[in-house]
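Residue-level structure breakdown
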Amino acid sequence: MNPIVAEFIGTSILILLGAGVVANVVLPGTKGNGGGLIAITTAWALAVFCGVVVAGPYSGAHLNPAVTIGLATVGKFDWAMAPGYIFAQLGGAMLGSGLAWLMYRHHFDMAEDAGLKRAPFCTDPTVRNFPTSVISETLGTFVLIFVILYISGAKLENTEGTPIGLGSVGALPVAFLVWVIGLALGGTTGYAINPARDLGPRIMHQVLPIKGKGSSDWGYSWVPIVGPILGALLAAGLYMVVGA
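Note that the coordinates shown come from a computational prediction; the quantities given were computed from them, not determined experimentally.

**Topic: the overall build of the protein chain**
If you tally the helices and strands in the protein chain, you get 9 helices and 0 strands. When the helices and strands of the protein chain are listed from N to C terminus, the series reads α-α-α-α-α-α-α-α-α. In terms of overall dimensions, the protein chain is globule-like: its C-alpha atoms have a radius of gyration of 17 Å, near the 18 Å expected for 244 residues. Along the three orthogonal principal directions, the C-alpha set of the protein chain runs to about 50 × 40 × 30 Å. Buried residues in the protein chain amount to 51% of all 244 residues.

**Side note on the nonpolar core**
Judged by nonpolar contacts, the single largest core of 41 residues is most densely connected at Leu14, Trp44, Leu144 and Ile145. Of all elements in the fold, only helix 1 (3–26), helix 2 (36–59), helix 3 (65–73), helix 4 (82–110), helix 6 (130–150), helix 7 (172–185) and helix 9 (223–242) reach the threshold of two or more residues within this core. No other element matches the 7 residues that helix 1 contributes to this core. In contact with Leu14, other than residues within four places in its own chain, are Trp44, Ala47, Val48, Leu63 and Asn194. Trp101, Phe108, Ala111 and Leu208 belong to the second-largest nonpolar core, a separate cluster that totals 11 residues.

**What about the packing of aromatic side chains?**
Overall, the coordinates contain 8 aromatic pairs when judged by the stated rule. Taking the centre distance of 4.7 Å and the plane angle of 55° together, the rings of Phe77 and Tyr85 count as tilted. Note on Phe142 and Phe146: the rings are 5.4 Å apart at their centroids and 10° apart in plane angle, and the pair reads as stacked. Taken together, the residues Phe142 and Phe146, both in helix 6 and 4 residues apart, mark about one turn of the helix. One aromatic cluster in this structure is built from Phe142, Phe146, Tyr150 and Tyr239.

**Thoughts on a nonpolar patch on the surface**
Where nonpolar side chains cluster on the molecular surface, the patch consists of Met1, Val5, Phe8, Ile9, Tyr58, Leu95, Leu99 and Leu102 and spans about 630 Å² of accessible area. Where the nonpolar patch is concerned, the elements lending two or more residues are helix 1 and helix 4. By secondary structure assignment, the location of Ile9 is in helix 1. Under the relative-accessibility criterion, Ile9 is labelled partly exposed at 32%.

**A closer look at the confidence of the model for the protein chain**
Summary statistics for the protein chain give a mean pLDDT of 92 and a share of 92% for residues scoring 70 or more. Contacts from residues 153–169, a stretch scored under 50 in pLDDT, to residues over four places away or in other chains number 42 contacts.

**Here we look at the side chain of Asp198**
Along the polypeptide, Asp198 turns up in helix 8 (residues 195–207). A residue is classified by how much of its surface remains accessible, and Asp198, at 0% relative accessible area, is buried. If sequence neighbours within four positions are ignored, Asp198 has contacts with Phe121, Cys122, Thr123, Ala192 and Pro224.

**Examining unusual backbone geometry**
Positive phi is not limited to glycine here, since Leu63 has a value of about 60°. Residue position: Leu63 is located in the loop between helix 2 and helix 3. Looking at Leu63, the relative accessible area reads 3%, which means it is buried. A positive phi angle is found at Tyr191, which is not glycine, with a value near 40°.

Calculation notes
- All chains use their own residue numbering, which begins from 1 and follows the written sequence.
- Given that this is a predicted model, residues contribute local features only at a pLDDT of at least 70 and side-chain atom pairs are listed and counted only at 80 or more, while totals for whole chains, interfaces and linings are drawn from all residues.
- Excluded from the side-chain calculation are hydrogens and water; included are all heavy atoms of the structure.
- Segments assigned H or I by DSSP are reported as helices when at least four residues long, segments assigned E as strands when at least two residues long, and all are numbered from the N terminus.
- In this setup the radius of gyration rests on C-alpha atoms only. A globule is expected at 2.2 Å times the number of residues raised to 0.38.
- Throughout this description, buried means an accessible area under 20% of the type-specific maximum (1.4 Å probe, protein chains only), exposed means over 50%, and partly exposed covers the range between.
- Side-chain atoms within 4.5 Å link the members of a nonpolar core, which is a set of buried Ala, Val, Leu, Ile, Met, Phe, Trp, Tyr and Cys residues.
- The contact rule is simple, with two residues in contact once any of their heavy atoms fall within 4.5 Å.
- Pairing of aromatic rings covers Phe, Tyr and the six-membered ring of Trp, with a centre-to-centre limit of 6.5 Å; geometry is then stacked below 30 degrees between planes, edge-to-face above 60, and tilted otherwise.
- Grouping into patches uses exposed residues only, defined as over 30% relative accessible area, and leaves out salt-bridged ones; the cut-off is 9 Å for like charges and 5 Å for nonpolar side chains (Val, Leu, Ile, Met, Phe, Trp, Tyr).
- For accessible areas, the Shrake-Rupley method is used with a probe of radius 1.4 Å. Any residue's cover is judged against the shown protein chains and nothing else.
- Salt bridge criterion: a side-chain nitrogen from Lys or Arg within 4 Å of a carboxyl oxygen from Asp or Glu.
- What pLDDT reports is the predictor's confidence in each residue, on a scale of 0 through 100.

As structure tokens, this is what we get:
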């Protein structure tokens, strides 16, 4: 599989399952309504597992521009390939969220709260304070990237010369990492920790014919982009200072 295609498909699977669990938990009339934070964080972790399993052998399963930027900054990924990866991740996130809406569209119609209709697509802070939200996203992504860089067994290429990044260490360590970040650090902003995960679905929320959907909250949309990029750069910087 072409690495760009792998990133697109892997991210689509990640977001389909991630947006799907949020829809299942928050939208009225679903089998999972009211499932709570444990259900959401667990499913997101398993969604990461699924995406990495599929894309890992071919692209490294970054599935996240922050991962791509972090790996490229420390020299574990070619900067020339970064734009293609990031566009594929954004497109995959759009497709995955669109499929999640298609599956739960009747439950979206049943919801009266516009915030609940937006929740499966993109993140939203519990307290509307931009500096606090940026710190939350930066810290969560810092932990994600810094730990990824230290997961044992990571290497740059497989025997065919394909850049593999996260795929070299298997899917479970990264899934556990995302799980604990969600449980421990996800209570403030919903732990986007992935610019594509928030921006792609937010675009889909804007364009899909969702009855009574309200605003896509573009005023907040920069936070889950800037915060994760800052977190990735800080993690990469510290990694280069303290050494592998």
